[in-house]
Structures are given as structure tokens and as C-alpha cells.
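Survey of secondary and tertiary structure
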Amino acid sequence: DVYKRQEYGGVGKVPMLSRTLQRSTLRLSKTLWGVPEADHPEMWDGMFQRIKAEGFDGVEAIRPFYTRDPALLRQLLDKHDLSLIIQIHTTGGGFSANGEYEYCTSNKLDDHCRSFSALCTEAAELGPVMINSHSGHDSWGSDHRAVEFLLKAIEVEQQLGVPIVHETHRQRLLYSPYTAAPLLAHPELRGKIKLNADLSHWCCVCEHVFDASDPRDDFWAPVLTAVAEHCHLVHCRVGHAEGPQINHPDAPEHAQDLAAHLSWWKTIWKAQADRGLAEIWAEPEFGPAPYLQTLPFTQQPVSDLWEVNKRVAELIVENFASLEAEHN
């Protein structure tokens, strides 16, 4: 293998290949999902130091991480020159009486609009470069509730002056390519809403890895083009027909799944560069169990999560650099 593998906690930079395309610069974000140190403010300094040393430009965090000690968080991010992406979950972000995280607690439009406004206002106080929203409810499809929510979201984004992206996530408004496409083409929304493209979810929802060369997938190329036109962040997780996350990016049994996702990400990055975005944000976002497969009975993970996301970061940089070579 051309790249030396690093054990969890090791320091080894993502390869120093070119991260520029036209006038755009690739920025890598490190998810704090599944990172044990994120739960302990006394460990944040060392955690951020390691993340920066490995070649990342920012971190993405959800509640309650960024509400634990906002002043310390801002101080340490500035110390290590790391940007912040905040992830919110409309009608979520709290904890139930038994201590379980509440991800989505309503399917009502008004509840999601109120929650979106409150969570985005709170997040904006920390000075993020972007807010990533798990928005709305999948039961809305692409009907009037979906349109009304996104119009409200555009208003909130304009008021706060912070870019807000909506993730293509299961349970949520943009859970499927078939319902997302009409929203992206809607005359009041086209060119105004911003996306976080996590296309692994669509593979899981549709039980299919899309292939534009297959006649049954003739819809895919225009859908991907529409996604690319609206995309400001890519969550780089690789899904497959039976789930949102493969076991390892180098696993030969998932080589075709990986190749498909890499091609989609490159299409998006090229479109972002063509639009003149100064920064192109990409984030390796493989997650812990139950996304990460485990062995029965022992619940032993089949892969090391830190190492997996570091490998995905290598693949991102390699493939982004190949775009520059093709452009030149």
C-alpha cells in the first residue's frame, strides 16, 4: 500500500497533494461523531492538535458538544486554526427523560420551522463557517410543506448571514433522489437552497447504487447535476445497496461502491469549482456502530473508525488532485 496505515491516535498527515482546482481550495473537515475525546472538554486541546496535525482544516460537531463549553471551544479552535461546522437536527438536539438523544420528535411543519430557527440562531453565535441541517420530515415528500420549510430556511439563512446546508439524510426532507429532484427544480427554490450531499443515504433508501450507464438509471445524471449545482458540502461516506456504510473503503467486495461514490464526488467538486466557490468542503463521515458493522455477541467493530476516516481523507485528496490534473 502506497500510504502507511496509522493506528487510532497516531499522527500521520493526509498526503500533501494539490488541493486547488481553478480558483477553489479543498478543505477537509473532521467529524467528531464517534471520537471519544469529544465527550471530555479536558481532552479537547489534544484532540484538536491531533486533528490539525493530520491535515484537517475544520471539525463538524452536533449538540451537545458545542453547548458544553462554548468559550473553551472557540478558544481552542482559534488556537489550532480549525474552522467549525455545526450540525443541527430539527425537532432534535435534546435528551429524553431516560437520557437518550432525541434526533427527530415531530412530523409537523410548524415544529420544524420553530426548531430550525432556534437551533440555527444558537449555532450562529459560535461563528461557524457553515451550519449543516438535518431538516424536516420524510413524510412531506416534495409537497407544499417541504417548499414552505425551505423558503423559511432561506429567510433564516439570510438573517443570520451564515451558509446553511440541508443534508440528504434518511428520515428527513431530502431522504430520496425522487423527492429531492422536484424541490431542486422548484422555481422558488432553484439556485437558492444549499445542500450537503451525503449520497450514501440514497443508496440505502433506494436499495441501489446508481449507475448512469444503466438505462434503468437514466434519471441519475440530471439528478446528480442538480445536486452538484446546489452543493456546498460533501459528506464522504460510501454506502451500498443494503446500507449507508461499507465496512472499509479498501475492502475489495465494495470496490464498485467506492468507485461510484468517488465519481459522484468528483462531479460535485468540478461543479463547485466551475461556480467559483473559494472553498470546497469535504468530510470523511464514516460513523460508529450501528453504522460501523460489529461482530455478533461481542459487538467488536470490524474496522477502526479513526483509521477508516483517515483513509477516506486520503482518497478525497487523491481524487481531488486528479481533477486538477485533468483540468490542466
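Presented here is an overview of the structure given in this document.

Regarding the overall build of the protein
Across its full length, the protein carries ten helices and eleven strands. Over its C-alpha trace the protein gives a radius of gyration of 19 Å, about what one expects of a compact globule, namely 20 Å for 328 residues. With the C-alpha coordinates aligned to their principal axes, the bounding extent of the protein is approximately 50 × 50 × 50 Å. For the protein, buried positions account for 55% of its 328 residues. Sequence separation of at least 24 residues holds for 78% of the intrachain contacts in the protein that already meet a minimum separation of 6. Accessible area for the protein stands at about 13,900 Å²; split by element, carbon and sulfur atoms hold 52% of it. Positive and negative side-chain charges in the protein, numbering 29 and 46 respectively, have mean positions lying 4 Å apart.

Some details on helix 5 (residues 144-160)
For helix 5, spanning 17 residues, the distance from its first C-alpha to its last is 24 Å, which sits close to the expected 24 Å at 1.5 Å a residue. Listed as buried for helix 5 are Ala146, Val147, Phe149, Leu150, Ala153, Ile154, Val156 and Glu157. Close packing links the buried residues of helix 5 with helix 4 (109-124), strand 8 (164-167), helix 6 (177-185) and strand 9 (194-197). Directly after helix 5, the chain includes Gly161, whose backbone phi takes a positive value near 70 degrees.

Points about the packing of helix 8 (residues 220-230) against helix 9 (residues 255-275)
It is the contact of helix 8 with helix 9, at a shortest axis distance of 8 Å, that shows an interaxial angle of 45 degrees. Considered as vectors, helix 8 and helix 9 are oriented oblique to each other. Considering the relative orientation of helix 8 and helix 9, their crossing is right-handed. For the pair helix 8 and helix 9, the contacting residues are Trp220, Leu224, Val227, Ala228, Glu229 and His230 in the first and Trp264, Thr267, Ile268, Ala271 and Arg275 in the second. Across the contact of helix 8 with helix 9, the residue classes tally to seven nonpolar, two polar and two charged.

Here is what the cut-offs are and how they apply
Residues numbered from 1 in each chain as written. Predicted model: local features only at pLDDT ≥ 70, side-chain atom pairs only at ≥ 80, totals over all residues. Heavy atoms only, no water. Helix = DSSP H or I, 4+ residues; strand = E, 2+ residues; numbered from the N terminus. Rg over C-alpha atoms; globule rule 2.2 N^0.38 Å. Buried < 20%, exposed > 50% of the residue type's maximum accessible area, 1.4 Å probe, protein only. Contact = heavy atoms within 4.5 Å. Areas by Shrake-Rupley, 256 points an atom, 1.4 Å probe, with all protein chains shown as cover. Lys, Arg positive; Asp, Glu negative; His and termini not counted. Charge placed at Lys NZ, Arg CZ, Asp CG, Glu CD. Expected span 1.5 Å × (residues − 1). Axes fitted to C-alpha atoms, helices over the stretch in contact; angles between N-to-C directions. Parallel < 35°, antiparallel > 145°, perpendicular 65-115°, else oblique. Left-handed = near helix turned anticlockwise from the far one by under 90°. Nonpolar A, V, L, I, M, F, W, Y, C, P; charged D, E, K, R; others polar.

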